[in-house]
Amino acid sequence: MKDKLKKILDDAMTQIDSSQHLDRLNEIKVSFLGKKGELTSVLKAMKDVAPEDRPKVGQLVNEARKAIEEKLDEKRDIFEKAVLEEKLKSETIDVTLPGKKLAMGHSHPNTITLEEVEDIFVGMGYEVVEGPEVEYDYYNFEALNIPDNHPAKDEQDTFYITKDILLRSQTSSVQVHEMEKGKLPIRMIAPGRVFRSDEVDATHSPTFHQIEGLVIDKNITFADLKGTLQEFAKRLFGEDTKVKFRPHHFQFTEPSAEMDVTCFKCGGKGCRFCKGSGWVEILGCGMVHPHVLEMSGIDPEEYTGFAFGVGLERITLFKYEIDDMRLLYENDTRFLKQF
């Protein structure tokens with residue numbers, strides 16, 4: 001048995017010394033120390049050894065195993081060091097070379113415009129308020145003086161989920177939620193995404209963004225509305241910007257108006273951008289209808305207010321002279337890097 005163990009040990013050492021790579025070392029380890037290896041087979045044959053000789057044979061087997069494992073570890077270290085040295089040579093880094101420039105992201109033009117608008121109104125004492133995009137029909141229409149049988153409801157192609165639940169078609173619903181809280185006075189803007197069943201083209205999309213504003217307080221007049229929106233236009237488009245109010249009709253305001261600003265392309269002289277008029281329309285506005293105040297629990301004899309709404313994409317297109325709304329949603333980095 002002793003001679004057999006010596007032969008196994010010598011064979012193992014010879015094979016380890018002659019091995020040329022790590023995979024070969026693994027094969028040798030399995031061959032001698034594995035479950036079906038040569039040393040393991042000696043241990044399995046211990047039953048044939050005389051009882052008094054078993055401790056001695058067991059000790060010899062353990063010594064042989066230890067010697068083989070130590071030789072394997074020694075050879076493995078040699079291979080791993082050689083591999084590391086080769087890797088260091090091939091992957092040398094020249095620390096004097098300039099680093100690779102990382103591509104940095106930046107805000108979308110819609111986001112840039114929205115943040116600018118929010119800064120303007122926050123600077124005038126307004127609060128930025130958000131509301132649910134999935135809304136009740138009551139808040140989207142009825143509480144804004146548009147009952148079920150009113151023709152104005154047919155003018156908006158609304159996405160209905162159920163008879164009473166829909167994707168909001170305007171952020172005016174956020175104004176109703178705030179009025180119902182009864183915390184007066186109110187000075188707020190409500191930016192957010194809205195949904196209408198429109199065909200996609202250069203000026204329409206089934207999903208877009210609105211910024212609606214609301215002021216409710218005692219002794220609010222149309223003059224306050226005009227002054228506020230004039231200040232907003234000057235800060236957004238430049239100090240030379242002039243505004244013009246044209247009579248209009250909205251169901252939830254009375255009186256109502258649409259506001260134009262002088263064309264920032266030609267300064268009001270007339271060009272292709274403003275179709276020769278010198279003016280561009282940017283928003284609708286008006287004094288909050290007394291019935292709208294009543295439905296939200298506000299006394300119209302004591303409080304008055306004004307509201308306005310502007311499409312975020314609309315002013316973004318004007319501000320950056322973009323001629324196709326679809327460019328804002330296509331995620332083309334060649335376009336977005338310009339802002």
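Check the entry above for the structure.
On a predicted model such as this, the values are computed, not experimentally measured, just so you know. (Residues numbered from 1 in each chain as written. Predicted model: local features only at pLDDT ≥ 70, side-chain atom pairs only at ≥ 80, totals over all residues. Heavy atoms only, no water.)

## Describing the overall build of the protein
When you go through the protein residue by residue, the secondary structure sums to twelve helices and nine strands. The C-alpha radius of gyration computed for the protein amounts to 40 Å, which surpasses the reference 20 Å derived for 339 residues by more than 25%, pointing to a less compact arrangement than a globule. On the principal axes, the C-alpha backbone points of the protein span a range of 115 × 50 × 35 Å. A burial count over the protein gives 39% of its 339 residues as buried. Counting only contacts in the protein whose residues sit at least 6 apart along the sequence, the fraction spanning at least 24 positions is 66%. For the protein, the exposed area adds up to about 19,900 Å²; of that, 51% sits on carbon and sulfur atoms. (Helix = DSSP H or I, 4+ residues; strand = E, 2+ residues; numbered from the N terminus. Rg over C-alpha atoms; globule rule 2.2 N^0.38 Å. Buried < 20%, exposed > 50% of the residue type's maximum accessible area, 1.4 Å probe, protein only. Contact = heavy atoms within 4.5 Å. Areas by Shrake-Rupley, 256 points an atom, 1.4 Å probe, with all protein chains shown as cover.)

## Digging into the state of the cysteines
Inspection of every chain in the model, using the stated rule, returns zero disulfides. Cys285 takes part in no disulfide bond, and the closest cysteine sulfur to it belongs to Cys263, at a distance of 20 Å. For Cys285, a relative accessible area of 1% puts it in the buried group. (Disulfide = S-S within 2.5 Å.)

## Topic: the side chain of Lys75
Relative to the helices and strands, Lys75 is located in helix α4 (residues 54-90). One buried charged side chain, Lys75, makes no salt bridge at all; its nearest oppositely charged neighbour is Asp17, positioned 5.3 Å away. Lys75 has contacts with Ile16, Asp17, Ser19 and Leu25, leaving out every residue within four places of it along the chain. (Lys, Arg positive; Asp, Glu negative; His and termini not counted. Salt bridge = Lys/Arg side-chain N within 4 Å of Asp/Glu carboxyl O.)

## Regarding the nonpolar core
One finds Met259, Ile282 and Leu283 to be the most contacted residues of the largest nonpolar core, which totals 34 residues. Within the residue set of this core, elements represented by two or more residues are α5 (109-123), β5 (207-217), α9 (222-237), β6 (243-250), β7 (253-262), β8 (279-288), β9 (304-311) and α11 (312-320). When residues of this core are assigned to their parent elements, the largest contribution, six residues, is made by α9. When near neighbours in sequence (up to four residues on either side) are disregarded, Met259 contacts Leu229, Ala233, Val243, Lys244, Phe245, Val280, Glu281, Ile282 and Leu283. Membership of the second largest hydrophobic core comes to 22 residues, among which are Phe141, Val176, Ala190 and Ala307. (Core = buried A, V, L, I, M, F, W, Y, C linked by side-chain atoms within 4.5 Å.)

## Some points on helix α8 (residues 172-180)
Among the nine residues that make up α8, seven are buried, leaving the element largely enclosed by the rest of the structure. What α8 keeps buried is the set Ser172, Ser173, Val174, Gln175, Val176, Glu178 and Met179. Elements that come into contact with the buried residues of α8 comprise β2 (134-136), α6 (137-140), β4 (186-195), β5, α10 (290-295) and β9. Two residues or fewer past α8, Gly182 is found with a positive phi of approximately 75°.

By themselves, these figures tell us nothing about what the structure is for.
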